[in-house]
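# Breakdown of the fold
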Amino acid sequence: MHVVTYAYKIFVWRGRERERAGIIMFVDTSYFSCMAHIAYLFPNSPHTDLPLFSLCSMYDTMEEEEYEFHSVDLPDEPYFCPQVEFNNKPDSLFFNDGVRRIDFILVYEDEDKKDFEKRHTFQRYKRRRETFEASLMKMGMELEATQSVTDEKLMFLKVHMPWDTLCTYAEVLHIKLPIQPNDLSSRPSPWRFFSCITKHFYPNEELITKEAEFFTAPFEKKRLEYFHVRDKDVFFTAAMRSRMAYYILSRAPYEIRGNIKKFGVTKLLDAGVYKAAYPLHDCRFNVKSQEEGCPNERYLLYEEWAHPKSFYKMQPLNLIRKYYGEKVGIYFAWLGFYTRMLALAAVVGLCCFIYGYTTQETSTWSKEVCDPEIGGKIVMCPQCDRECKYWTLDSTCEASKRILCIFRCFLLSHYCPVCFLSLVTLFLEFWKRYQAELEYTWDTVEFLEQEELPRPEYEAKCIYERKNPVTGIKENVPYTACGRCVRVSIGIGTVLFWILLIIASIVAIIVYRLAAFFAFSTKLRSQDLKELQTLKEYVTPQMATSVTASLISFVIIMILNILYERVAIWITDFELPRTKTDYENSLTMKMFLFQFVNYYSSCFYIAFAKGKAVGYPGDPAYLLGKYRNEECDPGGCLIELTTQLSIIMGGKAILNNIQEVLLPWVKNLIFRYCTSAASEKLIPRWEQDYQLQALTKLGLFYEYLEMVIQFGFVTLFVASFPLAPVLALVNNIFEIRVDAWKITTQFRRIVPEKAQDIGAWQPILQGIAILAVATNAMIIAFTSDMIPRLVYYWSFSVYPYGDHSNNTMQGYINSSLSIFNIADFSNNSKPMSTPYNITTCRYRDFRNPPGHPRQYQYNVYYWHVIAAKMAFIIVVEHIVYLTKFILSYVIPDVPYAVKEQIKREKYLTQVILHETNLKLVTRRYTVNNFTFLYLSTQTQIG
């Protein structure tokens, strides 16, 4: 064969290879340059396949072109996947030839071994599967099937991506790969002087070695010589290979009906054609692989990260990212950073609680409440109509002491809430810096929305044409502008309907609280109920109502969460977002808005609504005209808010751990018991992974949602529950290891995904932090008794309002309780029985006494307190917001060292592009010279 003909066939073959990949790519100009050289060397060859002039014109045209994506057509002829027997190598990650690496596994049941009655349905499945597998091979993948060891009906299809296919799709997905070692010196760690101590809190460096740092650039096949390729087998990591394999699997067609093309392994999984699709773990989690060259990264992650013995160690984030991908890595990086932030807040909250607990017996206020001569002689008015009885103030002694613990925390830390809320601002600002470092280290700095390709579900429904406002090119979309408006409107309407449903449930719980308080007030303060006398000082009607209502509220919250989760997914699917990031962001906003109302509405009711509109005993306020509004304890509603938070936070943490740990473990245990394998050592790697649980597509979404809801509890209501950071810290320490243990030991390997940041959760966290300033200021001002106490201490305990010579809290209880004449009760609210020696009773409010010209109207103390509360809120909010603004401005989002490294990397990339373009120009100049010489030679011969 002559050289020119051979070169042309190489060109045709390369073009077909790229077409098989589902991509229109114009051939490298090097082929045309080569053919120009050959034409010059053999000018009189009769077998020249292309005229030189057309060759050169094609060269000039195609070197300027780019490539664009289009889905591959169905194969014209059938492809048959080879089937082999298991080679008795349970740890092998390769085909039976021991050379081709397994990049993905597809599992299906052999249709020929199904029941005869359903043979027709399964034959349709078989046709789809065979067409799908033929499409995969046409797109450049290599397949090999192996029968299951434990179930003869199961078949495992092994997928391998050859080098050329990897290079092609690495360019399509803009995967950044190393071009040169990082020559910038890194800053020394400030903890290096304590390395003898800190080294024990880091993973074992002998097991998890530090990887060399490289400058990277988006991969381009025609510039392969500029990339740092030491070994083609490890140039693309296992996570990269799995990501590219899943990209092809998601877009390979399997059926055409009319004008509709069906494609993607996701639909085949939903239809039951395939039972599972997953990348392989590299070994067992607790035993090293016997295969030579296996990195055993799963084993290392278990030993140094997921094992309970490593709970005190820092996370090996680079190895997590390498094994599971950037999306999983960024989640655990954020969770670890958030947990470290909680440590300082937990120390402050714990110290406040200990101080309040140890000094509760020395407080003047608690002494007066618990003193039989003071609190024991103060008769309180009944808190419900007719059935409720009079009661003495000292029955709330224990509740008053618990409130005092929280009140002491106000005096220590939340008297100036700038401290904690500034800490939240610091957390968010330093997380941005840390996230910027991870973006650079993990090569996601330039991961833009334009680089993220559409979801297969979006592409499958693109039937309308429009002009892209950015590129000006016509493109297909799944809906018109009007259709999109309709979809979004339906979604918003559905979300609002469910929010109204939550509000309706809150109203129902409020009605329960009113009815339950009526019942508990009747029973717990009955003088004839001797069996509860030992608990009477601890179980007040308010406490019993609060605990039972909180439990019922928690159950309703969990039920509504389960129902709404499915509704939110359905709405988001109906809206049809373009990319996966758009899909997750849309679902995130829907779910968080619902969860926010669902979890926090009862807390907001107790903090800002309960006890605020109750009237007074002679003219009480009613809900729905029937139920008398709840009153707070004489010490305030703070203890009830703390109870509500404790039950919801604690119950949520326990339930989540049961769902995340116990259920997957039990399912895997049952699955192993049902399979009749004699020993796990005889089961191949792909079948061992099949026995594990499959992580849902939204697995990390629920982890983020859980932590963000917790962040809301910690920040929005920390003023009422100073132990919230402590509980959150303990929970998160376990959460990190539980999540690590779960995905490492109980679940199949996650398909790696690219992620630049935590997505829509970042603005949600910032919104919570801003809202937390207002909620904590109002909790301190309106829910607690801190402002009335301070007003009494500084103004009403001394002249001209008080009789004391010095500022003191003595007499505060008497001044905070108004007097009511029992003769002024209405017929509807008058108690059925009244002790003979009582003419007045006390109630919690600041009103004038009976006989006053403005009896039962607000007194001067009330207006002083209101003015002080409003001033406190305004001053605190302005101080905290100003502090947040200053911290946000002073702390840069990207560290200076990272900026230098990004500039250096861009410079090196520009140098490579310049050198490549220079070679192209030189190559064109050489071809033109060859053309001139060829024409001159032909003229002389002629």
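Computed from a prediction, not measured in an experiment: that's the story for all the values here. (Residues numbered from 1 in each chain as written. Predicted model: local features only at pLDDT ≥ 70, side-chain atom pairs only at ≥ 80, totals over all residues. Heavy atoms only, no water.)

The predicted model of the protein has a mean per-residue pLDDT of 79, with 80% of residues at 70 or higher. Low confidence marks residues 1–70, where pLDDT is under 50. Its contacts with residues over four positions away, or in another chain, come to 99 contacts. A low-confidence stretch, residues 527–536 (pLDDT under 50), is modelled with six contacts involving residues beyond four sequence positions or located in other chains. (pLDDT = per-residue confidence, 0-100. Contact = heavy atoms within 4.5 Å.)

Pairing in this open sheet of five strands is mixed, and the strands run β3-β5-β6-β4-β11 from one edge to the other. Where the open sheet ends on each side, the last strands, each with one partner, are β3 (83–84) and β11 (276–278). When strand β4 (residues 104–109) meets strand β6 (residues 154–160), the two strands line up antiparallel, connected through six bridges. Along β6, the bridge assignment pairs Glu109 with Leu154. Helix α8 (residues 238–249) contacts β4 and β6 of the sheet and is inclined by roughly 45° relative to β4. (Pairing = 2+ DSSP bridges. Helix = DSSP H or I, 4+ residues; strand = E, 2+ residues; numbered from the N terminus. Axes fitted to C-alpha atoms, helices over the stretch in contact; angles between N-to-C directions.)

Here Gln756 is to be found in the loop between α23 (724–746) and α24 (761–783). With a relative accessible area of 22%, Gln756 lands in the partly exposed category. C-alpha of Gln756 to C-alpha of Glu439: the two residues are 317 residues apart in sequence and 6.1 Å apart in space. A distance of 3.2 Å separates a polar side-chain atom of Gln756 from the backbone oxygen of Thr444. (Buried < 20%, exposed > 50% of the residue type's maximum accessible area, 1.4 Å probe, protein only. Polar contact = N/O pair within 3.5 Å; in protein donor to acceptor, adjacent residues only side chain to side chain.)

This part covers the pattern of salt bridges. What the rule picks out here adds up to 27 salt bridges. When the shortest N-O distance is used, the salt bridge between Asp689 and Arg685 registers 3.0 Å. Of the two residues, Asp689 and Arg685 are both situated in helix α21 (residues 685–690); the distance of four residues between them amounts to about one turn of the helix. For Asp689, a relative accessible area of 0% gives the class buried. We classify Arg685 as buried; its relative accessible area is 1%. Via salt bridges that share partners, Asp97, Arg100 and Glu142 belong to a single interconnected network. (Salt bridge = Lys/Arg side-chain N within 4 Å of Asp/Glu carboxyl O.)

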